[in-house]
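Structural features, examined
Each chain is listed here by its residues.
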Amino acid sequence: MADDRCRAESPPAAPYGPGRTVRCFRPGQDPPRAPETPPVTVPVTLPVPAESPAAERAVVSVRGVTKRFRSAGGSRRTAVDEVSFELRAGEALGLVGESGSGKSTTARMVLAEFAPDAGDVLLDGEAWSGLRERDRRPRRARIQLVDQDPLSSFDPRFTVQRIIGEALPRGFTGDRGRRRVAGLLGDVGLGPEILDRLPAQLSGGQRQRVAIARALAPGPEVLVCDEPVSALDVTVQAQILALLARLRRGSGLSLLFISHDVGVVRQVCDRVAVMKDGALVEIGDVETVLRAPRAPYTRALLSAVPRLAVGRRTAVPIPVPDMDLKGPT
Ligand SMILES: Nc1ncnc2c1ncn2[C@@H]1O[C@H](COP(=O)(O)OP(=O)(O)O)[C@@H](O)[C@H]1O
Ligand SMILES: [Mg+2]
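Residues numbered from 1 in each chain as written. Chains lettered and ligands numbered in written order. Predicted model: local features only at pLDDT ≥ 70, side-chain atom pairs only at ≥ 80, totals over all residues. Heavy atoms only, no water.

Identification of the protein as ABC transporter ATP-binding protein from Microbispora oryzae is taken from an unreviewed UniProt entry.

Structure representation (structure tokens):
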């Protein structure tokens, strides 16, 4: 901003760069336009924006995966149809679509729970879906799942200590293991008083936090979250989403975050991929896709979520986590 002084007086000349002077009362703060020099030719190739190569590294590469299931009548139905995308190091990629669009089947192939009928999945650029299970097993720690009710698959007599402790890498036994479990509980906003509880003695929010702690126990690079908050009420949902966002920031974890709810995806993800009838119809930066969806299906999906019609990412407040320590949620 120009001072009135500038109009009334001529400033003294001051050094400004090698061999140059400038007349300005505030040469350091408010640099004037460059002194007259011949026009500079703008290089044709502009420098790439400040993204390190590491940020673009694909941790998971899904390459044209297809999965067909045999229906009760014996016919084959395509659940996932030549789907391709990459999950980059440290990013949260949302996978959104209505129920039955093939999201969980895609997740299962990313986790190599079953093999695609066509295409393949790479982990850190190396074979993953194509490996024999015995070659894959030592690397399974790298990619972990959190789903809608992950503790339901555990023996109801297992304590929290055991559920998380079992997932620790070898070597974490005895006191060392107990300390590590307590540390993981702390990471997900739970206190050690919960260690001896059984799943049935936990609130929904606490169960999901324990499940996240268990998924983190082996030290994964990738967390696949398949509808991780769909069974929770809205307040607890927001706490779990905030927890996932915080964990990701703190650890460089990459998230493949699956939800039928665009609003939920928006709170966590950098990019979003939209699935319909087994196919990927759109993928891009979350705000871009939600603001200007290209696929008609994405527009339809968005119109079903009225609160997204206006406002930006901050429209949905996210309460701070660690609030459900006391009472059941
Ligand atoms: N194990 C299975 N056997 C037969 N059909 C299946 C199986 N798993 C999924 N499907 C079918 O595949 C399609 C995609 O399902 P899914 O991946 O679970 O979708 P989403 O997670 O998006 O709701 C659906 O039509 C579903 O009925
Ligand atoms: Mg599903």
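Structure shown, so let's carry the discussion forward.
As for the overall build of the protein
To keep it simple, the criterion reads: A run of H or I in DSSP becomes a helix once it reaches four residues, and a run of E becomes a strand once it reaches two; helices and strands are each numbered from the N terminus. With a 1.4 Å probe rolled over the protein chains alone, any residue whose accessible area is under 20% of its type maximum counts as buried; one over 50% counts as exposed, and the rest are partly exposed. Whether two residues touch is decided by their heavy atoms; if any such pair falls within 4.5 Å, the residues are in contact. Here the Shrake-Rupley method, with its probe set to 1.4 Å, supplies the accessible areas, and only the displayed protein chains count as covering residues.
From N to C terminus, the protein includes 11 helices and 12 strands. Looking at the protein as a whole, 43% of its 329 residues are labelled buried. Relative to all contacts within the protein whose residues are 6 or more apart in sequence, the contacts with residues 24 or more apart total 65%. When the accessible area of the protein is evaluated, it comes to approximately 17900 Å², of which 53% is carbon and sulfur surface.

Looking at the confidence of the model for the protein
Detailed reading of the predicted coordinates is not advisable wherever pLDDT falls low. What counts, and what does not: Each residue carries a pLDDT value, the predictor's own confidence for that position, ranging from 0 to 100.
Across the protein, the average pLDDT comes to 84, with 78% of residues at 70 or higher. Low confidence marks residues 30–52, where pLDDT is under 50. Its contacts with residues over four positions away, or in another chain, come to 8 contacts.

Things to note about the nonpolar core
Put simply, the rule is: By nonpolar core is meant a set of buried Ala, Val, Leu, Ile, Met, Phe, Trp, Tyr and Cys residues that side-chain atoms within 4.5 Å join together.
Of all hydrophobic cores here, the largest spans 52 residues; its most connected members are Ile164, Val210, Ile212, Leu223 and Phe257. Ignoring any residue separated from it by four or fewer positions in sequence, one finds phenylalanine 257 in contact with Leu93, Gly94, Leu95, Cys225, Pro228, Leu241, Leu244, Val264, Val265, Val268 and Cys269. Residues Phe85, Ala107, Leu111 and Ile143 belong to the second largest nonpolar core, which totals 25 residues.

Description of helix H3 (residues 103–110)
By the criterion of burial, H3 is predominantly enclosed, with 6 of the 8 residues buried. Among the residues of H3, those classed as buried are Lys103, Thr105, Thr106, Ala107, Met109 and Val110. Phi turns positive one or two residues past the end of H3, at alanine 112, with a value near 55°.

Remarks on the packing of helix H7 (residues 204–216) against helix H8 (residues 234–251)
What counts is decided by this rule: Here an angle of 0 to 180 degrees is reported between the N-to-C directions of two axes, which are lines fitted to C-alpha atoms, with helices fitted over the stretch in contact. Under this scheme an angle from 65 to 115 degrees is roughly perpendicular, one under 35 degrees roughly parallel, and one over 145 degrees roughly antiparallel; angles in between are oblique. Here a crossing is taken to be left-handed if its near helix is turned anticlockwise relative to the far helix by less than a right angle, and right-handed if that turn runs clockwise. Gly counts as polar in this scheme, as do all residues outside two lists: the nonpolar Ala, Val, Leu, Ile, Met, Phe, Trp, Tyr, Cys and Pro, and the charged Asp, Glu, Lys and Arg.
Relative to each other, H7 and H8 sit at 20°, their axes nearing to 10 Å. Judged on the interaxial angle alone, H8 and H7 are roughly parallel. Classified by chirality, the crossing of H8 by H7 is right-handed. In this structure, H7 uses Gly205, Gln208, Arg209, Ile212 and Leu216 to contact H8, whose residues at the interface are Val236, Gln239, Ile240, Leu243, Leu244 and Leu247. Of the residues in the contact of H7 with H8, the class split is 7 nonpolar, 3 polar and 1 charged.

Focus on the sheet that holds strand S4 (residues 76–88)
Put simply, the rule reads: Strand pairing follows a simple DSSP-based rule, namely that at least 2 bridges must link the two strands.
Read from one edge to the other, the open sheet built from 4 strands follows the order S4-S3-S6-S7, with strand pairing classed as antiparallel. Each end of this open sheet is capped by a strand with a single partner; those strands are S4 and strand S7 (126–127). Where strand S6 (residues 118–123) meets S7, 2 bridges bridge the pair, whose relative direction is antiparallel. Looking across to S7, one finds that leucine 123 is bridged to glutamate 126. Most of the contacts of H3 go to strand S3 (residues 58–70), to which it runs at about 120°, and overall it touches S3, S4 and S6.

Focus: the side chain of arginine 136
Here arginine 136 shows up in helix H4 (residues 133–136). Apart from residues no more than four positions distant in its own chain, arginine 136 is found in contact with Ala112, Trp128, Ser129 and Leu131.

Brief notes about the pattern of salt bridges
Side chains that differ in sign of charge can pair as their charged atoms come close. Where we set the bar: Put simply, a salt bridge is a Lys or Arg side-chain nitrogen that is within 4 Å of an Asp or Glu carboxyl oxygen.
Under the definition given, this model contains 21 salt bridges. Here aspartate 226 ties to arginine 108 by a salt bridge, and the two come within 3.4 Å at their closest N and O atoms. Here aspartate 226, found in strand S9 (residues 222–226), pairs with arginine 108, found in helix H3; they are 118 residues apart in sequence, far enough to count as distant.

Let's talk about the environment of alanine 213
Topologically, alanine 213 is positioned in helix H7. Taking C-alpha positions, alanine 213 is 9.6 Å from leucine 190, a pair spaced 23 residues apart along the chain. Ignoring any residue separated from it by four or fewer positions in sequence, one finds alanine 213 in contact with Ile164, Leu184 and Val188.

A look at the packing of aromatic side chains
Counted only if it meets this: Classification of ring pairs rests on two measures: the distance between centres of Phe, Tyr or Trp rings, Trp counted by its six-membered ring, which must be within 6.5 Å, and the angle between planes, read as stacked under 30 degrees, edge-to-face over 60 and tilted in between. Either the NZ atom of lysine or the CZ atom of arginine qualifies as a charge over a ring when it sits within 6 Å of the ring centre and within 35 degrees of the ring normal.
Evaluation of the coordinates by the stated rule reveals 1 aromatic pair. Aromatic side chains phenylalanine 69 and phenylalanine 114 sit 6.1 Å apart centroid to centroid with 85° between the ring planes, which places their arrangement in the edge-to-face category. With a gap of 45 residues between them, phenylalanine 69 in strand S3 and phenylalanine 114 in the loop between H3 and S6 connect regions that are remote in the sequence. Given the relative accessible area of 36%, phenylalanine 69 is considered partly exposed. Looking at arginine 136, its charged tip hangs above the ring of tryptophan 128, at a distance of 5.9 Å from the centre. One cation-aromatic arrangement involves arginine 162 over phenylalanine 158; the distance from NZ or CZ to the ring centre is 3.8 Å.

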